[in-house]
Amino acid sequence: MTDEKVQRINELARKSKTVGLTDTEKAEQKALRDEYIADYRKQFIGIMDNTYIQTPDGKKTKVTRREDK
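Residues numbered from 1 in each chain as written. Predicted model: local features only at pLDDT ≥ 70, side-chain atom pairs only at ≥ 80, totals over all residues. Heavy atoms only, no water.

1. Let's talk about the environment of Thr61
Spelled out, the test is: Secondary structure counts use DSSP, requiring at least four H or I residues in a row for a helix and at least two E residues in a row for a strand, with both numbered from the N terminus. The contact criterion used throughout is that any non-hydrogen atoms of two residues lie within 4.5 Å.
Here Thr61 lies in strand 2 (residues 60–62). Apart from the residues lying within four places of it in its own chain, the contact partners of Thr61 are Thr51, Tyr52 and Ile53.

The following block contains the structure:
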């Protein structure tokens, strides 16, 4: 996500708290937030894919995804 998009999210959040948003701005805000969350999740999954847990005996275990029920 670009800095311009993050700045726009912040602008819309400030405007929402002060004067309110139009329907078009609300839709833009939702789209930007969804994109931001998707990007965050992608980065987090990348980090977790390269994460290992080391036990006191020195054994390393790769972190695996938990299956949702």
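2. Observations regarding the packing of aromatic side chains
Stated precisely, the cut-off is as follows: Only the six-membered ring of Trp is used, alongside the rings of Phe and Tyr, when aromatic pairs are assigned; centres must lie within 6.5 Å, and planes under 30 degrees apart are stacked while those over 60 apart are edge-to-face, with the rest tilted. Relative accessible area decides the class of each residue, using a 1.4 Å probe on protein chains only: under 20% of the type maximum gives buried, over 50% gives exposed, and in between gives partly exposed.
Inspection of the entire model under this criterion finds one aromatic pair. Measuring from centroid to centroid gives 6.5 Å for Tyr40 and Phe44, while their planes differ by 10 degrees, and the two rings are stacked. One end of the pair, Tyr40, and the other, Phe44, are both in helix 2 (residues 23–49), four residues apart, so they sit about a helical turn from each other. Of the residues examined, Phe44 reaches a relative accessible area of 44% and is grouped as partly exposed.

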